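As a plain string of letters, each chain reads:
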Amino acid sequence: MRATRLGLTSLRGRRLLPLLALVLLVALLVACDAPQSTTEIAGNNNDKLWEPYRVVLVLAAIVFVLVLVLTLGFSIWFRERPGRPARQIHGNTRLEVIWTLIPVAIVAMIAIPTFDALFKIDKDPPADAMKIEAIGHQWWFEFRYLDDKGETVLTTANELHLPEGKPVTIALRSVDVIHSFWVPAISGKVDMIPGHDNNISFTATKARPEPYLGQCAELCGLSHANMRFRVFVQAPADFDNWMSDQKKDSTSATGDLASEGEQLFAQSACIGCHTVRGTSAQGKVGPDLTHVGSRTTVAAGTLENNAQNLARWIRNSADVKPGSKMPPQGASAGGTLTDDQIAAIAAYLLSLR
Amino acid sequence: MAHATAGHAPAHHRTNTGTDNRKLLMWFFLGSECLFFGSLIATYLIFKGDSVVGPFPHDHAGEKGILDIPVTSTSTFVLLMSSVTMVLAVYGAQHGLQKMMKLSLLATILLGITFLGFQTYEFRTFGHEGLNLGTNIFGATFFVMTGFHGTHVGVGVIYLSSLLLASFRRSGLGPEAGFHVETAGLYWHFVDIVWIVIFTVVYLIPT
Amino acid sequence: MATVAGTLARPANVGVWSWITTVDHKRIGVLYGITAFTFLLWGGIQALLIRTQLAVPNGTVIDAERFNQLFTMHALTMIFLAVMPLGAAFFNFLTPLMIGARDVAFPRLNALSYWVYLGGGLILTSSFFWDAPSAGWFNYVPLSGQTYTSDLGIDFYVVGLLTLGTSSLMAALNFTVTIINMRAPGLTMMRLPVFVWMTLIISFLLVLALPPLTVGLIQLLFDRNFDTHFFVPEAGGDPILWQHLFWVFGHPEVYILILPAMGIVSEVLPVFARKPLFGYPAVVFAGVAIAFLGWAVWSHHMFTTGMGTVPRTVFATNTMIIAVPTGIKIFNWIGTLYGGSIRFTTAMLFSIAFIVTFTIGGISGVMHASPPIDGQHQDSYFVVAHIHYVLFGGAVMGIFSGIYFWFPKMTGRFLSEGLGKLHFWLMFIGMNMTFFPMHFLGLAGMPRRIYTYDQGLDWGFWNMFATIGSYVIGISIIVFVINFFRSMRQPKTAPNNPWDAATLEWATTSPPPEHDFDVVPTVRARDPLWYDRDHGIEAPEPTGEHIHMPPPSYYPILMASGVALLGIGVLSHLALTALGAVVIIYSIWGWALEPTD
């Protein structure tokens, strides 16, 4: 029959299921390999949430295969054949009870590890947990390290350094719209909502030289896609070194170009928005630049931090990041600085290590 | 009737529940309205006491509250009385008592207009005392909630007025007069009940 | 035909005007269907543009602003202008036929619903000429507030959704009353076709779920235009309130989108398996249970907003419980296949595929019912995969099944089965290619609503794969459109009951006469036509009595234009709003005084 041929033969091949399984496997491998993957476990929260997740994945696979096999199997087995009329079955109470109870059991099997993980993740952080404040801005992250009294000891931006194995608790704030703090390898996300005191607590468990990648996960306007950040998890001693370096004020630039840049910077509009500790620049609107030269990226994780990219950013930031709140500085984009001046400022900024 | 009728049928047309389609429509519409006012009232309750600056509804930190409870109690009484006259209008309509129906409808309309007068007076007074939509969260929640309620009273007044006007036609409200007035009454009572809730929440329960 | 002074005469029932002034539920259903399908095409083009931009890392096809507008409008178009109204097209056309009525309870109100929908759809879509909404379909404040989005886009969103909400509310009220009150003799509630049950359930959901959205939209309108601070924390407001109001509507809305498709599948499977639906009462009660539980789960869209542990536990439990009635439905559909004599028509293929693809969406739904897992899924591509398996794998597959199934009833013509199967396979393969990889992208950490991503993130391969899949879907739609136009040029050859189906709409001619049935049928069993067939009961002879149908009316479209003016006025000049109000008041007056015969 034509209908059967067109409708089903293509599905009847026995190669289909193994093929499907192979595709899934490759796919999962690709997903696991990705640098921002949720499947890499580098924090206790992500570790805990994978306990129910593994259960769910197994159950999901079982249920899906069951439904697939029954649907296809019945469709093929009970296809129209001469001399075999349909059986007029209206239902079966026992079956109804069974397939009510099966989902109930499955749900219970998911619920128990879920709540276990939820309560563990939500547990109050220990009193000696490191305190950090993360503040969402359109479109960058400000990070403040706090002391025990809640006073800011260090302000930085877009790159968060954490000591391996030490619990941290991060107060999540926003100065404008809703953002969301998400480092997939370490923890699930929590939103940063204006007027709300949200918190996220976790311990980063795996030190490594490469950063863990994070990204804003709540639509926050034009450059939502360009609001990224990096988390460097370091051995405690390395972290302490980093911290004491960062706490120092900036030192005067050396070298002709950088020194010229330092002067230009101090006279330019830059200081209205940016802080460089130890200089007259004390603006609070944009990221703190005291040690901007030590960061690996500029423009909230979107560009590698080098002279060329810094110049590009200063010239016309909206060219990199649509809607950027930083006004264009390059004369070519309506600002006041020549390309040479911008190059000098970039050199100065890179010297702030 | 000699032929079968489709769609929008008169009251005597057979329905599965025995309730006329139009009355059933009104009931479900009022069900929807419950959620509408429920959301407005919930918003008010969520923000109750959250105003950052005055004027505040009730006495607050030595500052006198802006609500004039005796005046609004009077207008509440007026609206409650309109429900009584509405009941009389329905009775009149259902029992063919034309004069009673017309007078009661008129009384209900006048009481409704009086309530709206009180509300206008209250809104104006608040405006003079510096409370507007944008002043604080009390202003926003209060004006939007009571404003929508007032609009509903206004629609009710127009609804009843058109019934009253139509009742002066030669054919009056026709054989279905009782039905028309009763359906209007459902709406009117609902709007009254909503006011009772708003009055309690806003005026009687202090911050 | 008598007119009352000051009202418009009833128009004649011919030509274009007969469509503009029609109050016939079948014609209104067709209008809904054609309009919604046009919007579906437009929403599909938006989707293809989005996929084209995302095909490769650092794509440059569309800029950030246009991208934000496109994904916002894609969602609004598909949800409010395509899938919901396609559901409406079916329940407009079918409900009165399936319950043995001659029309809906309020034919003119029904026409008004359609014209207001058209007006709202045109207003929302025309935003592309000015500023399209760009804050996502759930339009979170403060981003959607005046401070952060000062262009007209959000006002288009507010006005568009208020208008469309009005239309849906009127339709829902109408169908609630119709189904409760206008069933044929013998058609008890537990004999209602499942599709009608689902229509009744979504009507209830709409009646109750739309008001919270309306209130949220009004508050947003006031915040943006009249200086209130409902959502401004510095002034005592709270942006989370919007999320609650939106999702109290938004979650039932998901069921509003999927339940009609479940109803369609529950009609199609038994017909082509040639046996009654397995466990009819269970399927009906499961539908009711889903709708009821759907009210107690909205906060699972807000698990990452810093809700307390206990509320998350409660909402997670409620959400997981929905898996139970959903599972019951799926198993009953499978049970319907068991022991059947299955004919693989295109309609049947779509329905069978629905079981599988919808199951994938259901399973991933249970995954993010778990708050810790949701911490990773929320706002990632995993959720994009999930919603598309529910809304495309579920709703759209169901709707196409319905189109192939009822096309002969609606037009008197058959769609080509050959082209239909090509359409089915392309669409089935295309949708799985497009949406399945999005699970992997989500797991790989890709957030939704980003217009660009870096090469180094390794998201390129699956994005390209998904984009190719979306083009395959596009081709499948072209095949369907060709099929449609080809079949419309064929003669009307469809008999009353070409599929040997069991429900009342197949007892009348294809297409049905204006009055639906010559004689209102009497129902003796749950599958009335099969019962009559098996018991040798002949259809009653027409008595030749005159059947009075409500005449066409100008007022629905006139009043709808008033409603549209009201909204356009809010967007432009208040004088238009005033004009709209005058038109509405005049229409109500004329409407009320218009003679019914």
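Chemist: Quick question: what am I supposed to make of the overall build of chain B here?
Modeler: Along chain B, the regular secondary structure elements total five helices and one strand. Put simply, chain B runs from its N terminus to its C terminus through helices and strands in the order β-α-α-α-α-α. A principal-axis box enclosing the C-alpha atoms of chain B has dimensions of 75 × 35 × 25 Å. Considering chain B as a whole, with its 207 residues, one finds that 49% of them fall into the buried category. With the model as given, the accessible surface of chain B reaches about 9,400 Å², and the carbon-plus-sulfur share is 69%. When the 10 positive and 11 negative side-chain charges of chain B are each reduced to one mean point, those points stand 17 Å apart.

Chemist: Is there a simple way to think about the state of the cysteines in this case?
Modeler: Should the sulfur atoms of two cysteines be covalently bonded, the bond is a disulfide. All names here are of chain A. Under the definition given, this model contains zero disulfides over all chains. Here Cys216 is not disulfide-linked; the sulfur of Cys220 is the nearest cysteine sulfur, at 3.8 Å. Looking at Cys216, the relative accessible area reads 0%, which means it is buried. Of the cysteine sulfurs around Cys273, a residue in no disulfide, the closest is that of Cys270, at 8.8 Å.

Chemist: Sorry, what's going on with the packing of aromatic side chains here?
Modeler: What characterises a pair of aromatic rings is the spacing of the ring centres plus the angle enclosed by the ring planes. All names here are of chain C. Summed over the entire model, instances satisfying the criterion amount to 88 aromatic pairs over all chains. Relative to Phe480, the ring of Tyr404 has its centre 6.0 Å away and its plane inclined at 70°; by these criteria the two rings are edge-to-face. With Tyr404 in helix 13 (residues 381-411) and Phe480 in helix 15 (residues 460-488), this pair connects stretches of sequence that are 76 residues apart. Residue class for Phe480 comes out buried when judged on its relative accessible area of 4%.

Chemist: Can you walk me through the interface of chain C and chain B in this structure?
Modeler: Quoted interface sizes are often the accessible area lost when the parts come together. Counting residues at the interface gives 46 residues for chain C, matched by 39 residues for chain B. Counting each side, the surface lost to burial between chain C and chain B is near 3,400 Å², with a carbon and sulfur contribution of 71%. Ranking the residues of chain C by area buried against chain B places Phe106, Asn181 and Phe230 of chain C at the top, with a combined share of 17%. At the level of secondary structure, the elements contributing two or more residues to the side of chain C that touches chain B comprise helix 4 (107-126), helix 5 (153-181), helix 6 (194-225), helix 7 (239-273) and strand 1 (547-548) of chain C. For the side of chain C that touches chain B, the element with the most residues is helix 6 of chain C, which contributes 10 residues. Split into classes, the residues belonging to the side of chain C that touches chain B amount to 28 nonpolar, 11 polar and seven charged.

Chemist: So what exactly am I meant to see when it comes to the environment of Trp188 of chain B here?
Modeler: Residue and element names in this part refer to chain B. For Trp188, the location among the structural elements is in helix 5 (residues 177-204). With relative accessibility at 1%, the residue Trp188 sits in the buried group. Residues Trp188 and Pro70, spaced 118 residues apart in sequence, show a C-alpha to C-alpha distance of 24 Å. Excluding its chain neighbours within four sequence positions, the residues that come into contact with Trp188 are Leu79, Ser82, Ser83, Met86, Thr108, Gly112, Val153, Gly156, Val157 and Leu160.

Chemist: How should the pairing of strand 6 (residues 179-183) of chain A be read in this particular structure?
Modeler: Side chains on a regular strand alternate between the two faces of the sheet. Residue and element names in this part refer to chain A. Among the five residues that make up strand 6, five are buried, leaving the element largely enclosed by the rest of the structure. Residues His179, Phe181 and Val183 line one face of strand 6 and the alternating positions Ser180 and Trp182 line the opposite face, and both faces are buried. Bridging between strand 6 and strand 7 (residues 187-192) involves four bridges; their strand directions are antiparallel. Among the inter-strand pairings, Ser180 is bridged to a residue of strand 7, identified as Asp191. Connecting the antiparallel pair strand 6 and strand 7 is a turn made up of three residues.

Chemist: When you look at the sheet that holds strand 3 (residues 152-157) of chain A in this model, what are you seeing that I'm missing?
Modeler: What holds strands together in a sheet is hydrogen bonding between their backbones, with the strands either parallel or antiparallel. All names here are of chain A. Taken in spatial order, the five strands line up as 3-2-1-5-8 in an open sheet, and their pairing is mixed. In the strand order of this sheet, the two ends are held by strand 3 and strand 8 (198-203), each with one partner. Taken over all neighbouring pairs, the strand axes of this sheet differ in orientation by 25° on average, direction set aside. Across seven bridges, strand 1 (residues 130-137) lies against strand 2 (residues 140-146) in antiparallel orientation. For Ile135, the partnering residue across the bridge sits in strand 2 and is Glu142. Packing against the sheet, helix 5 (residues 236-247) makes contact with strand 1, strand 2 and strand 3, and its axis sits at approximately 90° to strand 3.

Chemist: What's the story with the domain arrangement of chain C in this structure? I'm lost.
Modeler: Residue and element names in this part refer to chain C. Segmentation of chain C into domains returns domain 1 (16-553) and domain 2 (554-597). Counting residues at the interface gives 19 residues for domain 1 and 16 residues for domain 2. For the pairing of domain 1 and domain 2, the buried interface totals around 1,600 Å² over both sides, and the portion due to carbon and sulfur atoms is 77%. Taken together, the connections running from domain 1 to domain 2 amount to one salt bridge. A salt bridge links Glu594 to Arg108, with the shortest nitrogen-to-oxygen separation between them at 2.7 Å. Run the count over domain 1 and domain 2 and you get four residue pairs in polar contact (both at pLDDT 80 or more). Contributing elements (two or more residues each) for the side of domain 1 that touches domain 2: helix 1 (15-20), helix 4 and helix 5. Among the elements that take part in the side of domain 1 that touches domain 2, helix 4 stands out by supplying seven residues, more than any other. Here the side of domain 1 that touches domain 2 is composed, by residue class, of 13 nonpolar, four polar and two charged.

Quick notes on the rules
All residue numbers here refer to positions counted from 1 along the written sequence of the relevant chain. Here the convention is simple: chains get letters from A, ligands get numbers from 1, in the order in which they are written. Where totals are concerned, whole chains, interfaces and linings use all residues; where local detail is concerned, this predicted model gives features only for residues with pLDDT of at least 70, and gives and counts side-chain atom pairs only at 80 or more. Only hydrogens and water are removed before side-chain values are computed, so all heavy atoms of the structure are retained for them. Helix and strand definitions here come from DSSP, where helices need a minimum of 4 consecutive H or I residues and strands a minimum of 2 consecutive E residues; each element is numbered from the N-terminal end. Buried, partly exposed and exposed residues are distinguished by accessible area as a fraction of the type maximum, computed with a 1.4 Å probe on protein chains only: under 20%, between the cut-offs, and over 50%, respectively. What sets the accessible areas is the Shrake-Rupley method with a 1.4 Å probe; for residues, cover comes only from the shown protein chains. Counted as positive: Lys and Arg. Counted as negative: Asp and Glu. His and the chain ends are not counted at all. For charged residues, the charge sits on one atom: NZ in Lys, CZ in Arg, CG in Asp, CD in Glu. By convention in this document, the label disulfide applies to cysteine sulfur atom pairs within 2.5 Å. Think of it this way: a Phe, Tyr or Trp ring, Trp meaning its six-membered ring, pairs with another when their centres are within 6.5 Å, and the plane angle makes it stacked under 30 degrees, edge-to-face over 60, tilted otherwise. Only heavy atoms enter the contact rule, under which two residues are in contact if any of them lie within 4.5 Å. Joining two parts hides part of their accessible area as seen by a 1.4 Å probe, and the buried area is that hidden amount summed over both. Three classes are used, and their members are as follows: Ala, Val, Leu, Ile, Met, Phe, Trp, Tyr, Cys and Pro are nonpolar, Asp, Glu, Lys and Arg are charged, and the others, Gly among them, are polar. Note on pairing: DSSP must find at least two bridges between two strands before they are called paired. Helix axes are fitted only over the stretch in contact, all axes being lines through C-alpha atoms; the angle between N-to-C directions runs from 0 to 180 degrees. Here the bounds of each domain stem from an automatic or database domain assignment. Should a side-chain nitrogen of Lys or Arg be within 4 Å of a carboxyl oxygen of Asp or Glu, the pair is scored as a salt bridge. Each polar contact in these results corresponds to two N or O atoms within 3.5 Å; when the atoms are within protein, one needs to be able to donate a hydrogen and the other to accept it, and residues that are neighboring in sequence are counted only if both atoms are side-chain atoms.

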